[in-house]
Structure formats: structure tokens, C-alpha cells
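# Results of the structural survey
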Amino acid sequence: MGVEAHATNERATGRTWTVRLDPVGRGRADVRVSCSRPACAAQVLPSAAVGRTAAVEHLKAHLRAGPAPRPSAYCACRAEECHTHIRPAGPRERPAPWRCGGAVVLAVVTDREGRWWRVMECCSRCAAAHPTAKIVATAPAPDRTAPADAFRAAAASVPTVPAVGPHFSHTEAGASGAAAPHEVPAPRSERPPRPTRQRARRGRIAQRFVPHELRPVALRDELTELGELFRAYQQRAEPDLAMLAELHARKAKAFRAWAEVTADTGLRLDAERAEQAAATARLQHLHRSGQAPEGDGPAVTRLLTASAQWNHARAVLTHVADHSPLPGPEARLLVVMLTLRTAQSGVGNLVGQDLKGLPLPDPEHLVGQLVECGWLDIAGTVDELIASRPESPTRIGVPSLTPDESDPGPFTFGRKMRPKLSGWAQRVVGEKKLRKAKTAADARLLALALATGVSLDGQLGPEGEGLPLEALASWCAVTPAELLELVDRLTATDWLTEVAVTDTVLTGRLTERVLPLSCPLT
């Protein structure tokens with residue numbers, strides 16, 4: 001015992017040091033990086049991001065240059081009484097026993113906010129108790145021959161005492177009574193491993209566990225594999241809609257088979273939803289890659305690329321048709337453009353060129369009417385708005401579009417979607433041939449309506465069934481007779497082709513030239 005205690009007392013305490021990231025002062029962006037090792041001087045860096053990078057590099061330099069963990073080192077966590085991870089006993093709890101063990105490791109512990117990094121030379125059990133610990137090095141197994149030799153040397157110095165009592169010897173030792181050598185058990189690491197029971201893998205997909213007893217086995221394996229593939233897809237940095245569509249199609253087929261085996265209606269409904277998700281993902285992939293739905297048609301690169309964007313564009317036009325404050329096509333066109341400028345928050349910026357670029361005979365008068373009726377608020381006068389330039393835009397607001405606690409507003413899209421929709425409307429209204437032909441506001445309103453009322457291949461109406469004349473005339477604020485003249489203008493400017501007009505429906509298709517501006521009905 002004396003030799004063992006002496007060896008324990010000679011063990012060196014595990015090393016520990018800390019790299020910290022602290023603010024230099026209140027209201028300042030620069031930070032201070034400091035290290036608890038005496039040879040390291042503090043650094044002042046301009047920002048937290050730069051400081052965090054420098055702190056991590058400083059720590060890595062220490063780990064690369066420093067020695068490996070020592071097998072005989074005394075656990076640093078135990079030396080500090082494990083304050084960092086052993087919870088004190090409560091009024092109804094017994095204190096946790098002291099339990100250190102395992103190989104000596106070099107562990108890096110950090111806080112969740114990334115303000116300090118601590119390196120500890122401790123036992124593997126203490127390192128595992130820290131939720132943020134990362135082991136960077138492990139000490140080799142200690143050499144057990146030296147303590148044994150020291151113990152044998154100490155035993156040799158003790159005077160021999162004759163044995164009193166029975167002496168057992170091997171049968172081949174003879175009558176001399178000399179003890180025969182006995183076999184020492186093999187080390188645990190050299191023993192053959194015990195056979196482990198293989199637990200059956202239990203799959204999980206769409207918040208459902210796949211029963212291990214599900215038959216056929218091929219269906220069980222397919223569901224388990226699909227669950228793993230979906231979870232792997234969620235970890236991807238970039239989406240792959242073609243892969244996602246294929247996964248949903250496989251899920252629909254597997255869930256349909258699962259429903260037939262178990263007669264579960266919920267599984268059948270999940271299979272139908274998976275089919276819809278597969279069709280949606282496949283369609284989105286075709287749109288983003290500029291392909292036709294069948295995959296063999298001409299590629300179309302649209303200004304608005306997703307069905308959600310197309311639906312938002314139609315929602316804006318529908319809202320303006322239902323809430324236009326003034327009559328006439330000129331006022332309606334101006335309200336469309338101002339609504340798209342202020343749709344998300346109710347406020348926006350406007351310059352004089354935005355108004356002068358529209359086909360409005362008297363924009364000052366229209367803006368004044370919108371201000372007088374209370375639909376529009378402007379910072380300053382109408383003349384100042386008309387004269388404003390891009391370097392000093394005028395602030396405008398639409399009270400009916402301003403969200404509050406009780407009314408979130410008529411639109412559900414966010415800040416990034418609003419400029420996309422506004423840019424799309426400006427491209428349609430200011431299209432080159434419409435501008436050269438000096439078409440009026442009513443023709444440009446019809447162009448907006450037709451762009452949002454076509455199928456994927458450009459035919460007017462869902463599946464080429466056409467658009468109602470009465471609805472188009474109402475949107476353009478004209479009579480049905482005047483609408484026919486507008487259709488002729490758009491045909492002359494190469495917007496429409498294959499036009500056919502009945503008493504109630506307008507059929508035809510958009511030309512290939514303007515198909516990128518369309519928002520298909522899906």
C-alpha cells in the first residue's frame with residue numbers, strides 16, 4: 001500500500017487554461033481576446049466575428065504545439081471538485097458519488113454563446129459529463145509493468161516468514177513443497193468479445209414507426225430506407241427538387257401498400273398527400289430548370305419562377321379590382337403600381353420618374369385625387385413628389401395596407417417577395433412594344449390580366465378554355481365593346497396570337513416573346 005500511495009502522490013495535476021472573448025467597453029464593437037497562459041498577451045480586434053476567429057486559431061495553435069495528454073495526469077476536473085458539471089445535492093437528493101475514470105484526455109469545453117474556450121487534461125468520464133466537450137487527444141494506455149516491478153521489489157525486501165498452516169502444491173512439484181507457478185488470467189482486452197444481441201432495427205418515417213413484424217419484409221425495408229433518405233435530404237445544404245419528387249413518389253407507393261396490408265385509412269390519406277407533394281415538387285423542378293411540364297417542350301425562363309409568386313401576383317390584382325378608390329383605367333393602373341410599392345408594410349418610396357413612366361395623361365391630378373380621398377399619404381406636396389429624384393425619393397403610405405395588431409393586412413408575402421412582384425409588374429406594363437406603340441392604361445391593364453390568366457404553355461384560361469369577356473372588361477374598367485379594340489392592339493403588338501372571340505369568352509395564347517412574363521394557373 002505504501003508504494004501505491006507514493007505513486008498516487010507523485011501524479012501531476014491535469015493542465016487547464018482558458019481563451020476568452022470579452023467586450024472592450026459598453027457601446028463599442030471591438031473585443032478583447034485573452035489567454036490564461038502567462039506567455040500570451042491579450043489582443044484587441046475590431047469585431048466579435050474577427051475576435052472569435054482569432055480566439056479559435058489561438059486555441060488551435062496551443063493544441064498543435066502543446067504536448068499530448070499524460071497517462072498519469074491527475075484529473076483536472078477532480079482537482080477542482082467537479083464544480084463545472086456535478087450538480088450540488090438538493091434538499092431531497094443525496095450527493096452524487098465521486099466517480100472519475102477512463103483514459104486521460106485533452107478536452108475543449110466552450111459555452112453555447114462562443115465567449116470562452118477551456119482546455120482541460122481530465123479523465124474521459126468527466127469529459128463526457130460536459131455537454132459541449134470535444135476530445136482532441138487521448139493519452140495512451142499506461143505501462144502497467146513498472147508498478148508491478150516496484151511492488152515485487154518491495155516484496156523482496158520483506159523478510160520471509162515461514163508459512164503456518166496447510167501448504168498446497170501442484171502434484172508435479174514433488175515433496176519439496178515448492179509452489180508451482182499458476183496461470184494468470186489473460187487481460188480483458190485479449191479475451192474474445194462476448195456475443196452481443198443484435199437489436200432489430202426499427203424504422204421511422206413521417207412521424208410513424210415501422211413495425212418490425214410488418215410483412216412483406218421488402219415493404220418494411222423500403223419504409224425504413226425511405227425514412228433515412230428523407231432525414232438525409234433535410235440535412236442537405238441545397239434543395240434538389242427532382243430528388244425530393246422521387247422520394248415522395250416512392251413514399252406514396254409504399255404507403256399505399258402499407259395501407260392495403262393494415263387496412264389503415266390514415267395511411268391511404270398519407271399516400272394521397274405524398275402523391276400531391278411529388279407532383280408539386282416535380283412541377284417546381286421543371287419551372288426552375290426552365291422545362292415544359294412534359295419535359296420535351298421549349299424551355300421558358302420566367303421572371304417569376306414559382307407557383308407561390310404567381311398566386312401572390314394574382315392576389316394583388318384581385319385586391320385592387322375589389323378596392324380601387326377611383327374609377328377609370330388610369331387610376332386603376334396607378335393604384336396597382338402603388339399597391340405593389342407598399343404591399344408588405346403599407347409604406348414605400350416613390351420618385352417622379354416612376355409616375356412619368358406610366359401612360360397617364362395627368363399624373364399630378366390622379367395623385368392629388370388619391371390623397372384627397374384618403375387612400376394615399378405622401379411626405380410633402382404632389383409637386384415635390386413629381387420633382388423628386390432617385391437620390392431623394394418621397395415617402396408614401398397606404399393606410400389600408402398598413403398592418404397592425406388586429407389586422408395583419410390583405411397580403412401574406414414578405415419583404416423579399418414584394419420587390420419581385422413590383423419588378424414583374426413594371427416589366428409587363430413597360431414592355432418594349434407596348435411602350436413603342438404608346439398603348440394606353442387600359443391596354444396595359446389587359447396585358448397584366450392576360451399574363452396572370454394562362455396555362456403553362458401560354459393558352460388563355462385554365463387548360464386553354466379561355467377567359468370571360470365580362471371579367472376582363474371589368475378589370476380594365478372598359479365596356480365589352482372597348483375590350484375587343486384592346487385585344488386587337490395587343491395582337492398588333494405581338495402579345496396575342498390565335499385569338500378567337502365569342503359572345504362570352506376570349507381564347508388564344510400568349511406569344512413566345514412575352515411568355516417569360518406570364519404567371520401560369522396551376
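Above this note sits the structure.
Residues numbered from 1 in each chain as written. Predicted model: local features only at pLDDT ≥ 70, side-chain atom pairs only at ≥ 80, totals over all residues. Heavy atoms only, no water.

## Regarding the packing of helix α9 (residues 307-323) against helix α10 (residues 329-342)
Our working rule: Structural elements are reduced to axes, namely lines fitted to C-alpha atoms, with helices fitted over the stretch in contact, and the angle between N-to-C directions of any two is expressed from 0 to 180 degrees. Under the DSSP-based scheme used, a helix requires at least four consecutive residues in state H or I and a strand at least two consecutive residues in state E, with every element numbered from the N terminus. What sets the label is the angle itself: under 35 degrees gives roughly parallel, over 145 gives roughly antiparallel, 65 to 115 gives roughly perpendicular, and the rest give oblique. If you view the pair so one helix is near and one far, a crossing is left-handed when the near helix is turned anticlockwise from the far one by less than a right angle, and right-handed when it is turned clockwise. Contacts are assigned to residue pairs that have any heavy atoms within 4.5 Å of one another. Three categories are distinguished: nonpolar for Ala, Val, Leu, Ile, Met, Phe, Trp, Tyr, Cys and Pro, charged for Asp, Glu, Lys and Arg, and polar for the others, with Gly belonging to the last.
Interaxial distance between α9 and α10 falls to 10 Å at its minimum, and their mutual angle equals 130 degrees. The angle between the axes of α9 and α10 places the two elements in the oblique class. Regarding α9 and α10, the two cross each other, and that crossing is right-handed. Along the contact surface, α9 presents V316, L317, V320 and A321, while α10 presents R332, V335, V336, T339 and L340. Partitioning the contact of α9 with α10 into residue classes produces seven nonpolar, one polar and one charged.

## Examining helix α18 (residues 480-492)
Note the following rule: Helix span is expected to be 1.5 Å times the residue number reduced by one. The classification of residues rests on relative accessible area computed with a 1.4 Å probe and restricted to protein chains. Under 20% of the type maximum is buried, over 50% is exposed, and intermediate values are partly exposed. Regarding the arc, it is the one traced by the directions from the helix axis to the C-beta atoms.
With 13 residues, α18 should reach 18 Å at 1.5 Å per residue; the first-to-last C-alpha distance of 19 Å fits that figure. Every buried residue of α18 is listed here: L483, L486, V487 and L490. Projection of α18 onto a plane perpendicular to its axis shows the buried side chains occupying an angular sector of 105 degrees, all on one side. For α18, the exposed residues lying more than 90 degrees away from the buried face are A481, D488 and A492. Remark: D494 follows α18 within two positions and exhibits a positive phi of approximately 65 degrees.

## Some words on the packing of aromatic side chains
In plain terms, the rule: Stacked, edge-to-face and tilted are the three classes for Phe, Tyr and Trp ring pairs, Trp counted by its six-membered ring, which pair at centre distances within 6.5 Å; planes under 30 degrees apart are stacked, over 60 edge-to-face, the rest tilted.
By the definition in use, this model includes two aromatic pairs. Plain terms: the ring middles of F255 and W258 are 5.6 Å apart, the flat faces sit at 80 degrees to each other, and that makes the pair edge-to-face. You can see F255 and its partner W258 sitting in helix α7 (residues 241-262), three residues apart, about one turn around the helix. By the burial criterion, F255 is buried, and W258 matches it.

Remember that the coordinates give geometry; whether it matters functionally is a separate question.
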